[in-house]
Amino acid sequence: MYPLDRDPLLLTPGPLTTSLRTKQAMLHDWGSWDAAFNRITGELCEQIVGIVNAAQTHVCVPLQGSGTFSVEAALGTLVPRQGKVLVPNNGAYCARILKILSYLGREAVELAIPEDRPADPAAIEAALTADPSITHVAQVHCETGTGILNPLPEIAAAVARQGRGLIVDAMSSFGAIDIDAQRMPFDALIAASGKCLEGVPGMGFVIARREALEASAGNAHSLAMDLHDQWAYMQKTTQWRFTPPTHVVVALYEALAQHREEGGVAVRHARYAANCAALVSGMQALGLRPFLDAGVQAPVIVTFHAPAHPAYDFRTFYDGVRARGFILYPGKLTQVETFRIGCIGALTPADIEKVVDAAGATLRDMGIPAGMR
Ligand SMILES: *Cc1c(COP(=O)(O)O)cnc(C)c1O
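Residues numbered from 1 in each chain as written. Predicted model: local features only at pLDDT ≥ 70, side-chain atom pairs only at ≥ 80, totals over all residues. Heavy atoms only, no water.

- Per an unreviewed UniProt entry, the protein chain goes by 2-aminoethylphosphonate--pyruvate transaminase and derives from Thauera sedimentorum.
- Word for word, the UniProt comment on the protein chain under Subunit (unreviewed entry) is "Homodimer." (UniProt positions renumbered as here; feature names shortened; annotations may be inferred.)

Here it is in structure tokens:
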């Protein structure tokens, strides 16, 4: 077994493995009224808006909580109560948007898509033409349930042509896949601290088109989830409304500095793509097949078919890999038995090779020979 003199590496799409520098940033206490802390929040928001080239048109509103809190806040604030939202659905996070809209009492139209197929911009445009009462499209960029990448540039163009608002869940793509607000118009784009920016979990943020946010006063169903109110308060006071997750904020600030030093989105994308390639080829050599075609796979998380062998069960596999120092993720598909391995976090292809070795050794221990996976 692996001598565990370190934390296990997280091969999961958030929380994920962070650098020592990011962890060390959390060794201080900060006051929420303190100007030094509030300057960090302000700079953090500027940097986040800069990553998607949105400074001229958009503002960043940070929000306490996990990523879903920000998705719910964006939908509840930007979609008016009489609004109607088209949701192209090819996975678990798209389904979560539909569930949020139902809680919020906002009308939704589902555009069902098989989980191994990307959303089709032409089908989205046709749905908008057919129903002029649809006010918004809510699109997941990388659907983390499978790891599929939906074609955001083409979808944004289609939605803009039809004059509707676009709300993007870019939770697992922001910072690692190119997004440009000037080339891919959106009303709101949502992400969080603990994904490809490699911070720790605990806050999300919404990059909102300033005019859309200004027009959204009074829409929200909930005080804590009211992004307009959060933004207005921050504009007025530079402070967070309600207690900020101070340690998460300073860790994200430090993680953003490392994102810049690494070379920004393009270089982070290249590292994750190298991780993904090492993972897929290594697992294929063990006889394990990815669920998605390579052409639609985002370099974020890979879904693998579970071995069909009767000795396989996920819990035993997980425990064996865990004992060797790595934490995997269960599958999120309802029809097929799968598991998932993330490519994101402070990891390199050398780490991924060790993960593959751990998976191979565990399957051997489970009595599942190479030819029977
Ligand atoms: C992680 C993630 C979320 C948010 O999930 P939380 O568990 O609330 O952090 C939302 N959408 C996508 C696509 C994600 O990957």
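### A closer look at the overall build of the protein chain
Then, number 1: Tallying secondary structure elements over the protein chain gives 12 helices and 14 strands in all.
Then, number 2: In summary, the protein chain has a C-alpha radius of gyration of 21 Å against a globular reference of 21 Å for 373 residues, a match within 12%.
Then, number 3: Each of the three principal axes of the protein chain carries a C-alpha extent, and together these read 60 × 55 × 35 Å.
Then, number 4: Each of the 373 residues in the protein chain was classed as buried or not, and the buried ones make up 58%.
Then, number 5: Across the protein chain, every contact between residues at least 6 apart in sequence was considered, and the portion connecting residues at least 24 apart equals 73%.
Then, number 6: Distance from the positive charge centre (30 side chains) to the negative charge centre (36 side chains) of the protein chain: 2 Å. (Helix = DSSP H or I, 4+ residues; strand = E, 2+ residues; numbered from the N terminus. Rg over C-alpha atoms; globule rule 2.2 N^0.38 Å. Buried < 20%, exposed > 50% of the residue type's maximum accessible area, 1.4 Å probe, protein only. Contact = heavy atoms within 4.5 Å. Lys, Arg positive; Asp, Glu negative; His and termini not counted. Charge placed at Lys NZ, Arg CZ, Asp CG, Glu CD.)

### Here's the deal with helix 3 (residues 67-78)
Then, number 1: Look at helix 3: 17 Å from first C-alpha to last across 12 residues, which is about the 16 Å you get at 1.5 Å a residue.
Then, number 2: Of the positions making up helix 3, those classed as buried are Gly67, Ser70, Val71, Ala73, Ala74, Leu75, Gly76, Thr77 and Leu78. (Expected span 1.5 Å × (residues − 1).)

### Remarks on the sheet that holds strand 14 (residues 338-342)
Sheet strands line up and pair through hydrogen bonds in the backbone, either parallel or antiparallel.
Then, number 1: The strand order across the open sheet built from 3 strands is 11-14-13, with neighbouring strands paired in antiparallel fashion. Of all the strands in the sheet, the pair left with one neighbour each is strand 11 (301-305) and strand 13 (329-330).
Then, number 2: Across the sheet, helix 10 (residues 264-285) is in contact with strand 11 and strand 14; its angle to strand 11 comes to roughly 10 degrees. (Pairing = 2+ DSSP bridges. Axes fitted to C-alpha atoms, helices over the stretch in contact; angles between N-to-C directions.)

### Considerations on the site of the ligand
Then, number 1: The ligand sits among Ser66, Gly67, Thr68, Tyr93, Arg96, Val140, Cys142, Thr144, Asp169, Met171, Ser172 and Lys195.
Then, number 2: One of the side-chain nitrogen or oxygen atoms of Ser66 is found 2.5 Å away from an oxygen atom of the ligand.
Then, number 3: Between the ligand and the protein, one listed contact pairs an oxygen atom with a side-chain N or O atom of Thr144 at 2.5 Å.
Then, number 4: Calculation on the ligand without its partners gives an accessible area of 380 Å², and the protein chains cover 84% of this total.
Then, number 5: Looking at the shell around the ligand, the elements that each hand over two or more residues are helix 3 and helix 4 (92-104).
Then, number 6: Residue composition of the shell around the ligand, grouped by class: 4 nonpolar, 5 polar and 3 charged. (Near = heavy atom within 4 Å. Polar contact = N/O pair within 3.5 Å; in protein donor to acceptor, adjacent residues only side chain to side chain. Areas by Shrake-Rupley, 256 points an atom, 1.4 Å probe, with all protein chains shown as cover. Nonpolar A, V, L, I, M, F, W, Y, C, P; charged D, E, K, R; others polar.)

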